Number of protein chains: 2
Amino acid sequence: MRQTKIESPEKISEKASKQPSKVGKANSLHAKKRILLAASELFAAGGISALSVRSIADAAGVSTIGIYSHFNGKQGILDALFMEGYQMVYDSMAFSTVGLSAKQILLKGVHGYLTLANEYEGHYRLIFGENGNQYEPSDEAREMSSKAFKRLVSHSCIILPPNSAWPLKQKIALELWAFVHGYVSLKHHATSAMISDQHWQEMAVEGISIHIDALIAKYPTSQTK
Amino acid sequence: MRQTKIESPEKISEKASKQPSKVGKANSLHAKKRILLAASELFAAGGISALSVRSIADAAGVSTIGIYSHFNGKQGILDALFMEGYQMVYDSMAFSTVGLSAKQILLKGVHGYLTLANEYEGHYRLIFGENGNQYEPSDEAREMSSKAFKRLVSHSCIILPPNSAWPLKQKIALELWAFVHGYVSLKHHATSAMISDQHWQEMAVEGISIHIDALIAKYPTSQTK
DNA sequence: TTGACAGGTATAACAACGTTATGCTTAACT
DNA sequence: AGTTAAGCATAACGTTGTTATACCTGTCAA
């Protein structure tokens, strides 16, 4: 059942031990990667319910204690997945904007966001706390989410006059985000059974499109190319 | 520690036993109420984390098995709280609309919703699945949520031409709901630490106000009194 | 070479969780 | 009275996240 032995010995110091003085080798190749991979697969397959420490350990071919040696227990696993999710959000906002109008840019971002939310529902639910009490993102994870939000702000402020104040930029970014996220969240909710029309993504884009137009009209200084 | 005995005996048949033929008395006064009250208090105080079967039973002065006699275990408790929450949402939409413009009506509803979400954060999180996998609303609970949504639809369609099709009405209701809920959900999220301005409620009302104006402009047949 | 040391691992255990099987008590009806 | 059915407490089961203990195995120093 359990694989007999791991042939190539491995050790980890990498970053968190005590002094980075003596133990300079620091390879840490297989185990940590295997654990994260197994966790990712279980997570994608069955959501957070399938993510028990023992199931991860079994799937990765390590003992339960391995989850605590290489990660910070379940919290560390969830942190890694949380950051994985936000990294995807962050990456989804890295597209070229040349030759696009302000509205096109925003709609492109919205489309990418919705696609991501659809494809990685597990990550999305984890990111948005739909995981139930039992996880609070670490400082590092919060840093990651802050980074993604800043990129969102810098994208969405193109419909504002160039010298707008930072709180206003934040407000607009939050306004757009709330709208898009609201659609995604309601889709995950029991509500989805009440809605006859199943074309969530189109409905979301349509609604947000209206709002973007309204924002452009409200802040007319925007450089609509 | 545990209170010695419950003086006044109580029995329950009420609705779910087998045949409603013989055991006609059916009082079921104290225990069930006590359990629900205890659960509500624990829930309000500490969210879903504080809601263990044993803690509820202790607080209600019954044994753990009581949670299964009177409710359907934890699922039943959460169902009751879920429906309690949706009942409040439902009630919050029961206000007089005489003498109000369409926009005023919608903003009134939005305000009530935001206030409720702020005051009963636990219920809100439970309703919107931010409870973590471990709860799926029952059919009865879903019925309740559907009822509330229908009232939302009937309120929000006042900005539509009177004879609009049902899917369009649903779409508009969902559009408004998604926006408002998006704000609430983001406020519950790690995001709240990123936002300098803490006036969530005002920001939400402002953003939604813009959108309502846009909708009114788009569907000009609405009877703006 | 020998010794000590440090770190990853396995086993087993702990506490807490939701749930249930087993009996006991008690109220209601024949 | 005697039977029946339902609520109750106790204790247990299985699973969860986490940890204490011991074992093994490399690395470095004497």
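Nothing here was measured: the structure is a model prediction, and the numbers come from that model.

Cut-off values and rules
Residues numbered from 1 in each chain as written. Chains lettered and ligands numbered in written order. Predicted model: local features only at pLDDT ≥ 70, side-chain atom pairs only at ≥ 80, totals over all residues. Heavy atoms only, no water. UniProt positions renumbered as here; feature names shortened; annotations may be inferred. Helix = DSSP H or I, 4+ residues; strand = E, 2+ residues; numbered from the N terminus. Salt bridge = Lys/Arg side-chain N within 4 Å of Asp/Glu carboxyl O. Contact = heavy atoms within 4.5 Å. Buried area = accessible area lost by both parts, 1.4 Å probe. Polar contact = N/O pair within 3.5 Å; in protein donor to acceptor, adjacent residues only side chain to side chain. Nonpolar A, V, L, I, M, F, W, Y, C, P; charged D, E, K, R; others polar. Core = buried A, V, L, I, M, F, W, Y, C linked by side-chain atoms within 4.5 Å. Buried < 20%, exposed > 50% of the residue type's maximum accessible area, 1.4 Å probe, protein only. Least-squares fit on C-alpha atoms with pLDDT ≥ 70 in both. Phe/Tyr/Trp six-rings, centres within 6.5 Å; stacked < 30°, edge-to-face > 60°. Lys NZ or Arg CZ within 6 Å of the ring centre and 35° of its normal. pLDDT = per-residue confidence, 0-100. Axes fitted to C-alpha atoms, helices over the stretch in contact; angles between N-to-C directions. Parallel < 35°, antiparallel > 145°, perpendicular 65-115°, else oblique. Left-handed = near helix turned anticlockwise from the far one by under 90°. Expected span 1.5 Å × (residues − 1).

**Quick notes on the UniProt feature "DNA-binding region" (unreviewed entry) in chain A**
Phase 1: Residues annotated in UniProt with the feature "DNA-binding region" (unreviewed entry) correspond here to residues 52-71 of chain A.
Phase 2: Helix makes up 75% of residues 52-71 of chain A and strand makes up 0%, while its end C-alpha atoms are separated by 14 Å.

**Brief notes about the pattern of salt bridges**
Residues and elements named next belong to chain B.
Phase 1: In total, this model carries eight salt bridges over all chains according to the counting rule given.
Phase 2: With a shortest N-O distance of 2.5 Å, R125 and E121 are connected by a salt bridge. Linking R125 with E121, this pair stays in helix α6 (residues 121-127), spanning four residues, or about one helical turn.

**Some details on the interface of chain B and chain A**
Phase 1: Contacts between chain B and chain A engage 44 residues on the former and 42 residues on the latter.
Phase 2: Taken together, the two surfaces of chain B and chain A that pack against each other cover about 3,800 Å², and 68% of this comes from carbon and sulfur.
Phase 3: Contact with chain A buries surface across chain B, with L174(B), M194(B) and I210(B) losing the most and accounting together for 15% of the total.
Phase 4: Inspection of the region where chain B meets chain A yields two salt bridges.
Phase 5: Two residues, E206(B) and K171(A), come together in a salt bridge whose shortest N-O distance is 2.5 Å.
Phase 6: At the junction of chain B and chain A, the tally comes to seven residue pairs in polar contact (both at pLDDT 80 or more).
Phase 7: When residues of the side of chain B that touches chain A are traced back to their parent elements, those giving at least two are α7 (139-156), α8 (166-188) and α9 (200-218) of chain B.
Phase 8: The element contributing the most residues to the side of chain B that touches chain A is α8(B), with 13 residues.
Phase 9: Considered class by class, the residues forming the side of chain B that touches chain A number 21 nonpolar, 17 polar and six charged.

**Topic: the nonpolar core**
Phase 1: Residues I77(A), I77(B) and Y183(B) are the most contacted members of the largest nonpolar core, which totals 140 residues.
Phase 2: Beyond its immediate chain neighbours, meaning those up to four positions away, Y183(B) contacts L174(A), E175(A), A178(A), W200(B), M203(B), A204(B), G207(B) and I208(B).

**Notes on the relation of the copies chain B and chain A**
Phase 1: Structural alignment of chain B on chain A gives an RMSD of 0.0 Å, achieved by rotating through 180 degrees and translating 0.0 Å along the axis. Given the turn and translation reported, the copies of this chain are related as if by a two-fold rotation axis.
Phase 2: Residue by residue, 95% of the interface of chain B is reproduced at the interface of chain A, so both copies engage with the same surface.

**Side note on the packing of aromatic side chains**
Phase 1: What the rule picks out here adds up to 15 aromatic pairs over all chains.
Phase 2: For the pair F82(B) and Y86(B), a centre-to-centre distance of 5.3 Å together with 55 degrees between the ring planes defines the contact as tilted. Placement of both F82(B) and Y86(B) in helix α4 (residues 73-92) is noted, with a separation of four residues, approximately one turn of the helix. Across this residue pair, the class does not change: F82(B) and Y86(B) are buried.
Phase 3: Through a chain of ring-to-ring contacts, three or more aromatic side chains come together here, namely Y113(A), Y124(A), F128(A), F149(A) and W177(A).
Phase 4: Taking the ring centre of Y90(A) as reference, the NZ or CZ of K147(A) above it sits at 4.6 Å.
Phase 5: Between the NZ or CZ atom of K32(B) and the centre of the ring of F71(B), over which it lies, the distance is 5.4 Å.

**What to know about the environment of A117(B)**
Residues and elements named next belong to chain B.
Phase 1: Summarising the element assignment, A117 is placed in helix α5 (residues 102-119).
Phase 2: For the pair A117 and G85, spaced 32 residues apart in the sequence, the C-alpha separation amounts to 9.6 Å.
Phase 3: Excluding residues that lie within four positions of it along the chain, A117 makes contacts with Y124 and V184.

**Some points on the confidence of the model for chain A**
Phase 1: In the predicted model, chain A carries a mean pLDDT of 83, and the fraction of residues at 70 or more is 82%.
Phase 2: Confidence over residues 1-28 of chain A falls short of pLDDT 50; this stretch has 20 contacts with residues more than four positions distant or in other chains.

**Looking at the environment of R151(A)**
All names here are of chain A.
Phase 1: Assignment of secondary structure puts R151 in helix α7 (residues 139-156).
Phase 2: When the C-alpha atoms of R151 and A173 are compared, they prove to be 9.6 Å apart, with 22 residues separating the residues in sequence.
Phase 3: When near neighbours in sequence (up to four residues on either side) are disregarded, R151 contacts Y90, D91, M93 and A94.

**Quick look at the packing of helix α1 (residues 30-46) of chain B against helix α2 (residues 53-60) of chain B**
Residues and elements named next belong to chain B.
Phase 1: Contact geometry for α1 and α2: axes closest at 8 Å, N-to-C directions at 120 degrees. The angle between α1 and α2 falls in the class oblique. In the packing of α1 onto α2, the handedness of the crossing is right-handed. In this structure, α1 uses R34, I35, A38, A39 and L42 to contact α2, whose residues at the interface are S55, I56, A59 and A60.
Phase 2: A class-by-class count of the residues in the contact of α1 with α2 yields seven nonpolar, one polar and one charged.

**Description of helix α8 (residues 166-188) of chain A**
Three or four residues apart is the spacing at which side chains of an α-helix point the same way, because the helix has 3.6 residues per turn.
Phase 1: Taking 1.5 Å per residue, 23 residues should reach 33 Å; α8(A) reaches 32 Å between its end C-alpha atoms and fits that length.
Phase 2: Of all the 23 residues making up α8(A), 19 are buried; the element is thus mostly covered by neighbouring parts of the structure.

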